[in-house]
Amino acid sequence: MERRDKTNYYLDIAEVVAERGTCLRRNFGAIIVKNDEIISTGYTGAPRGRSNCCDLKYCIRDKLNIPRGTQYELCRSVHAEANAIISASRKDMIGATLYLVGKEMKTGELILNANPCSMCKRLIINSGIENVIIRDSKDDYRTINVRYWIENDESLNGTAGY
């Protein structure tokens, strides 16, 4: 028996968390881990008490053909990273790792080259999270040291996975 490595183990958990997502376009799951303990989880969904896109049966960004990574202000959802950060205390997040997995809802395939949006990058920086690990395929992932975003202001721009 070959034991699953820790990174893919945590990414597998984040992938399951994404299944709770309510977006009709793309769903992400995020977990924050520190010292081999899951601190919090988050998935893509409308703010508490508001209707989700899956309940409304439409996505406004899809209806308006808004490209990936733009005009988030029109989206009903709170991103998975933000929801995970909201659910954790900052003292627990300092030095932690955020694991992120996204799936296309129409195909069920993993989102290639996914990245947190610029707002989520800012939240991640302020939370004290040290690394972000993003799944690209079942056994392939990228690790981003958050220090890179801090030292390279231009890295806070660009497209995201949503």
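Calculation notes
Residues numbered from 1 in each chain as written. Predicted model: local features only at pLDDT ≥ 70, side-chain atom pairs only at ≥ 80, totals over all residues. Heavy atoms only, no water. Helix = DSSP H or I, 4+ residues; strand = E, 2+ residues; numbered from the N terminus. Expected span 1.5 Å × (residues − 1). Buried < 20%, exposed > 50% of the residue type's maximum accessible area, 1.4 Å probe, protein only. Arc of directions from axis to C-beta. Contact = heavy atoms within 4.5 Å. Polar contact = N/O pair within 3.5 Å; in protein donor to acceptor, adjacent residues only side chain to side chain. UniProt positions renumbered as here; feature names shortened; annotations may be inferred.

### Thoughts on helix 1 (residues 6-18)
Consideration 1: Between its first and last C-alpha, helix 1 extends 19 Å over 13 residues, near the 18 Å set by a 1.5 Å rise per residue.
Consideration 2: Three or more residues of helix 1 are buried, namely T7, N8, Y10, L11, A14, E15, V17 and A18. Down the axis of helix 1, the buried set is contained in an arc of 165 degrees. They therefore lie on one face.
Consideration 3: Looking at the buried positions of helix 1, the neighbouring elements they touch are strand 1 (26-34), strand 2 (37-43), strand 3 (97-104), strand 4 (131-137) and strand 5 (140-145).
Consideration 4: One side-chain oxygen of the residue at the start of helix 1 lies 3.2 Å from the amide nitrogen of T7, identifying that residue as D5.

### Description of the environment of A84
Consideration 1: Along the chain, the position of A84 falls in helix 4 (residues 80-86).
Consideration 2: In this structure, A84 is in contact with A30, I32, S40, T41 and G42, ignoring residues within four places of it in sequence.

### A short note on the UniProt feature "binding site: Zn(2+)" (unreviewed entry) in the protein
Consideration 1: Here, the residues flagged by UniProt with the feature "binding site: Zn(2+)" (unreviewed entry) are H79, C117 and C120. These annotated residues cover 42 residues of sequence, and their C-alpha atoms all fall within 8.9 Å of one another, placing them together at a single site.
Consideration 2: Note that C120 resides in helix 6 (residues 118-127).
Consideration 3: Owing to a relative accessible area of 2%, C120 belongs among the buried residues under this scheme.
Consideration 4: Excluding its chain neighbours within four sequence positions, the residues that come into contact with C120 are H79, E81 and A82.

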